[in-house]
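Here is what each chain is made of, one letter per residue.
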Amino acid sequence: MSVLLEQAGASSDGLAGKLREIVNDLRDEYRQPHAVPWIIGFSGGKDSTLLAQLVFEMLLDLPPRERRRTVHIVANDTLVESPVLGRHLDAVLEKISAAVKPLRLPMIVAKTTPEADQTFWVNLIGRGYPSPSRIFRWCTDRMKIQPTTQYITDQVSAAGQAILLLGVRRSESVQRRRSVERYENGERLNPHTTLAGCMVYKPIVELDTDEVWQTLLQVVPPWGGTHRDIVTLYRNAGGAECPLVTDKSEAPSCGSNSSRFGCWTCTVVEKDKSAAAFAEAGYEDIEPLLEFRDWLKEIRERGDMRMSKRRNGSLNFVGEGRLIPGPFTLEARQEILARLQQIQSEVSYPLIREEEIEIIKQIWAKDFSDPVKAVANV
Amino acid sequence: MSGLSLYLDYHAHAPLDPTVHAAICSAYRDFDYNAHSASVAGERTRAAVEAAREIVGKLVGFQPTDVIFTSGATEANNLAIKGLASRLREVGRTQIIVSSIEHLSVLMAAEHVGEEFSVIVAPVLQNGLVDLDRLRELVTEKTGLVSIAGANHEIGVVQPIVDIAAIVKPAGAIFHCDLAQIAGKLPLDLSSVDMVSVTAHKLHGPIGVGALCVRRKVRRVMTAAQHGGGQEAGLRAGTLPAPLCIAFGKACEIAAELMDAEIPRVTQLRDELLAKLQTLPGVTLNGDLNHRLPGNINLCIQGVDGEALVMRIKDRVVISTGSACSAHSLEPSHVLLAIGLNRTAAESAIRIGIGRYTTQKDIDVAATVIGQAIRDLRNISMRLRA
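About the thresholds
- Residues numbered from 1 in each chain as written.
- Chains lettered and ligands numbered in written order.
- Predicted model: local features only at pLDDT ≥ 70, side-chain atom pairs only at ≥ 80, totals over all residues.
- Heavy atoms only, no water.
- Helix = DSSP H or I, 4+ residues; strand = E, 2+ residues; numbered from the N terminus.
- Rg over C-alpha atoms; globule rule 2.2 N^0.38 Å.
- Buried < 20%, exposed > 50% of the residue type's maximum accessible area, 1.4 Å probe, protein only.
- Areas by Shrake-Rupley, 256 points an atom, 1.4 Å probe, with all protein chains shown as cover.
- Lys, Arg positive; Asp, Glu negative; His and termini not counted.
- Charge placed at Lys NZ, Arg CZ, Asp CG, Glu CD.
- Contact = heavy atoms within 4.5 Å.
- Polar contact = N/O pair within 3.5 Å; in protein donor to acceptor, adjacent residues only side chain to side chain.
- Pairing = 2+ DSSP bridges.
- Axes fitted to C-alpha atoms, helices over the stretch in contact; angles between N-to-C directions.
- Core = buried A, V, L, I, M, F, W, Y, C linked by side-chain atoms within 4.5 Å.
- Patch = residues over 30% accessible without salt bridge, like charges linked within 9 Å, V, L, I, M, F, W, Y side chains within 5 Å.
- Salt bridge = Lys/Arg side-chain N within 4 Å of Asp/Glu carboxyl O.
- Phe/Tyr/Trp six-rings, centres within 6.5 Å; stacked < 30°, edge-to-face > 60°.
- Expected span 1.5 Å × (residues − 1).
- pLDDT = per-residue confidence, 0-100.
- Right-handed = clockwise from strand over helix to strand, strands pointing away.
- Parallel < 35°, antiparallel > 145°, perpendicular 65-115°, else oblique.
- Nonpolar A, V, L, I, M, F, W, Y, C, P; charged D, E, K, R; others polar.
- Arc of directions from axis to C-beta.

**Side note on the overall build of chain B**
When you go through chain B residue by residue, the secondary structure sums to 12 helices and 12 strands. Here the C-alpha radius of gyration of chain B, 21 Å, is about what a compact globule of 386 residues would show, namely 21 Å. Along the longest, intermediate and shortest principal axes, the C-alpha atoms of chain B span 70 × 50 × 35 Å. Each of the 386 residues in chain B was classed as buried or not, and the buried ones make up 59%. Accessible surface, chain B: about 15,200 Å² in total, of which carbon and sulfur atoms supply 54%. Across chain B, the mean location of the 37 positive side-chain charges is 1 Å away from that of the 39 negative side-chain charges.

**Focus on the environment of S71 of chain B**
Residue and element names in this part refer to chain B. Tracing the backbone shows S71 in the loop between β2 (67–70) and α3 (73–90). Look at S71 and you get partly exposed, because its relative accessible area is 37%. On a C-alpha basis, the gap between S71 and G208 in space is 4.9 Å, while along the polypeptide they are 137 residues apart. Residues in contact with S71, not counting those within four places in the same chain, are G208, V209, G210 and R236. A distance of 2.7 Å separates a polar atom in the side chain of S71 from a polar atom in the side chain of E75.

**A look at the sheet that holds β2 of chain B**
All names here are of chain B. Pairing is mixed in the open sheet, where 7 strands are placed in the order β2-β8-β7-β6-β5-β3-β4. Across the chains shown, the open sheet's two edge strands, defined by having one partner strand only, are β2 and β4 (118–122). The mean angle between the axes of side-by-side strands here comes to 20 degrees, regardless of whether they run parallel or antiparallel. For strand β3 (residues 95–99) and strand β5 (residues 143–147), the ladder comprises 4 bridges, and the chain directions are parallel. For Q95, the partnering residue across the bridge sits in β5 and is T143.

**Observations concerning the nonpolar core**
Ranked by size, the top nonpolar core spans 81 residues in total, and within it W38 and V55 of chain A together with L273, L309 and I352 of chain B carry the most contacts. Not counting residues within four places of it along the chain, the set of residues in contact with L273 of chain B comprises L8, I297, I352, I354, I363, A366 and A367 of chain B. Ranked by size, the runner-up nonpolar core spans 70 residues in total, among them F62, L132, I182 and F248 of chain B.

**Section: a negative patch on the surface**
All names here are of chain A. A surface patch of like charges, here negative, comprises E284, E287, E291 and E346. Relative to the assigned elements, E291 resides in helix α10 (residues 287–299). Here E291 falls in the exposed class, since its relative accessible area comes to 55%.

**Observations regarding the pattern of salt bridges**
All told, the structure shown has 45 salt bridges over all chains when counted by the stated rule. Of the charged contacts in the structure, one is a salt bridge between K314 of chain B and D210 of chain A, with a shortest N-O distance of 2.6 Å. Pair noted here: K314 of chain B is in the loop between α9 (306–312) and β11 (317–318) and D210 of chain A is in helix α7 (residues 209–218), and the two residues belong to different chains. For R29 of chain B, the salt bridge goes to D30 of chain B, with nearest N and O atoms at 3.4 Å. A residue is classified by how much of its surface remains accessible, and D30 of chain B, at 31% relative accessible area, is partly exposed. Here the salt bridges share partners, and the residues they tie into one network are D25, D28, E29, R69 and R188 of chain A.

**Looking at the packing of aromatic side chains**
Residues and elements named next belong to chain A. Counted according to the given criterion, the structure contains 14 aromatic pairs over all chains. Measuring from ring centre to ring centre gives 5.0 Å for F120 and W121, while their planes differ by 80 degrees; the resulting arrangement is edge-to-face. Among the residues examined, F120 registers a relative accessible area of 2% and is labelled buried. You can call W121 buried: its relative accessible area is 1%.

**Let's talk about α3 of chain B**
With 18 residues, α3 of chain B should reach 26 Å at 1.5 Å per residue; the first-to-last C-alpha distance of 26 Å fits that figure. Following α3 of chain B by one or two positions, G92 of chain B adopts a phi angle in the positive range, close to 75 degrees.

**Quick word on the sheet that holds strand β9 (residues 283–285) of chain B**
All names here are of chain B. Ordered by their spatial adjacency, 3 strands build an open sheet running β9-β10-β12, and the pairing between neighbours is antiparallel. If you trace the sheet from one side to the other, it starts and ends with β9 and β12 (349–353), each paired once. Going across the sheet, the axis of each strand differs from the next one's by a mean of 30 degrees, ignoring polarity. Contacting β9, β10 (296–301) and β12, helix α8 (residues 242–277) crosses the sheet at an angle of about 10 degrees to β10.

**Topic: the confidence of the model for chain A**
Within chain A, residue pLDDT values average 85, and 87% of them lie at 70 or more. Within the model, pLDDT remains below 50 along residues 1–12 of chain A, and this stretch shows 36 contacts once partners closer than five positions in the same chain are excluded.

**Overview of the pairing of β4 of chain B**
All names here are of chain B. Sheet analysis places β3 next to β4, joined by 5 bridges and oriented parallel. Across the sheet, the residue bridging to V98 is V121, located in β4. Assessed by its sense of winding, the connection that carries the chain from β3 through helix α4 (residues 104–111) to β4 is right-handed.

**Some thoughts on the packing of helix α3 (residues 83–100) of chain A against helix α8 (residues 228–237) of chain A**
Residues and elements named next belong to chain A. In contact at an axis separation of 11 Å, α3 and α8 are set at 170 degrees when each is read in the N-to-C sense. Looking at the two axes, α3 sits roughly antiparallel to α8. Side by side, α3 and α8 meet where V84, L85, H88 and K95 of the first sit next to D229, I230 and L233 of the second. Looking at the contact of α3 with α8, its residues break down into 4 nonpolar, 1 polar and 2 charged.

**Considerations on the packing of α8 of chain A against helix α9 (residues 273–280) of chain A**
Geometry of a packed helix pair, given as the angle between the helix axes and the separation of the axes. Residue and element names in this part refer to chain A. The N-to-C vectors of α8 and α9 enclose an angle of 100 degrees; their axes lie 7 Å apart at closest approach. Relative to α9, the element α8 is oriented roughly perpendicular. Only S274, A277 and F278 of α9 make contact with α8, whose side of the interface consists of L233, N236 and A237. Taken together, the residues that form the contact of α8 with α9 break down as 4 nonpolar, 2 polar and no charged.

**Quick word on the side chain of R219 of chain B**
Position of R219 of chain B among the secondary structure elements: in helix α7 (residues 216–219). A polar contact is formed between the side chain of R219 of chain B and the backbone oxygen of T65 of chain B, at a distance of 3.2 Å.

**Examining unusual backbone geometry**
All names here are of chain B. Positive phi is not limited to glycine here, since E232 has a value of about 50 degrees. Mapped onto the elements, E232 comes out in the loop between α7 and α8. The exposure class assigned to E232 is buried, which follows from its relative accessible area of 8%. Located in the positive-phi region is A233, a residue other than glycine, with phi close to 55 degrees. Looking at the element boundaries, A233 is found in the loop between α7 and α8. A relative accessible area of 57% places A233 in the exposed class.

**Observations concerning helix α6 (residues 161–168) of chain B**
Residue and element names in this part refer to chain B. Every buried residue belonging to α6 is among I161, I164, A165, I167 and V168, and all of these are buried. For α6, the angular spread of the buried residues around the axis is 160 degrees, confining them to a single face. Buried residues along α6 sit in contact with α5 (132–138), β5 and β6 (174–178).

Rendered as structure tokens:
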């Protein structure tokens, strides 16, 4: 038998009552007479961690024979995740994976990644895409939405339908509130805005931030360890995280000023406040990354590092004939790669994979007339 | 202090006394000069600083010339330990003893004093008092320095300074006391103590100033922590922040005046809040009640996470789980582990600090708010069952 909410019935406390209602709602939805799988969007942040915990607790409360529907816990790795949260995410996923079998839970833990030829470095260094900005945010779709969408689509294809559980909360931000309200239909499940056959379920939508923290601190994760690790992370970074993203409207904080734990390369934000806070808190290996990100943002504006023509060979003008520069020049791409490798030698973890460098070389060889020169410089 | 919240975190910071506030404002107007300059204004400023120095020294029983102004207790603790290293090395006394519940500024300074030094940690009893029998065994002719705080920053336990000195001094070792929490709160016999650290903001003075007070004989064998113009007896170079020093003096003066009246008043409020909270099941006091700072409560609350409790009441009552100096880490307090608590118990702890501006009504409100939060949090407890 598993848990739950000691004495909650006798309490006038709103939080205990809210949590009990959420778990009751989860149970009711899970017991529906069909086999549609659940997919929990798991970012490793506080909200999806609490969501995963509540689902665990609900399942553990059910007799094993009633745990019939598969629950996928899906995290996305952009391959340029903030290393501090990335390490935390990997550690939690490992613990969850290890707990699933002994606890007899019908769970599958998965991590999606971008296609090899669509990673941040292949697009930035290989194809020369300028560092992402609010105007040209080419990264979210390729690195977050597509990989996760593919996973969900695969489940929909296999089961005919899937239910995506997200840890979004109405009180996260004004943007989030609007996004939640826009798609509300008064039902527990809302159709996903773009994915056919996928329904969205937001069990903790009514909790506020303090309630999430208090609950995490007060409970023990069923997969072992403690939630204090994540509290420490947030305390050191002081903010929200980039959520798992399946749709642009579901990801208002990705690349916005409120995003903190996103990609370490994110040049959409003006300043990476969480990285700066982590560096201040003593995470020494974050500082070189922070400097590199700032440089990537700066060179986006440098005309001498951008080609005049776009990748399709056309010149692009706006307004009164102002030329919009194209991708980074070959020299700029080479410099970015050289600097990245230099930074990589300073930190204790890989920043770019050999596979990506190979693809970058191939793109350069194809894009430039003197392929020997292009490749020899790597 | 913190908006409309009721402030009960006096161990982290004691709110600026209005009289000290007035003193610092007028000092910034009247003494905005370099106290080390030979100008008339400089001399006038120097005189005001020297008057403050005398008051600071008097509060802890040291001569004005013993007072070395620093930026606070952390710097004072570092100077006390590192400033002696060279001398201790010279005379072959390379053993430093610290208690297991010292503030991090003492523990870390001792750890970084040099490879040739061995740092020995003196254990404490379950009630938080230093184990005098063990200390007696640990102190040898190799011991150069013993650093033990007058009162602990988390559990508020007051150490028997005279008894400790009676062990340390006959062995020829130097005795340093961190008085950050206790100076101005309780009368102290420090006649056998060689060095003490104090900080202004724990006794209603400004943040950014403190002092290491060192008896002449010890001062003479110390080396500077930072070099420059030779200020502060050559041990702490740099231009003195005269207005801060003057305000520090004012805070010490007020503390000395009010101490006799504050001790019974604050103790009574503390005992009342403690009694109210202990009517709840599973609430236990950490540290000895009879040897304790008047305003300190440190509790373990069974079935509650201390951080969750602090967060739950933060808009109504400000308390903490422990030292603000280690707030970026959620590792359980080394102080609580040292007195024998296990990790779970240590994570359930909260620290309450009562002080000069706490009222009877505050105690009533705090008891209600904390009590309700404990009940609420216990209600949401979830655990995995077999």
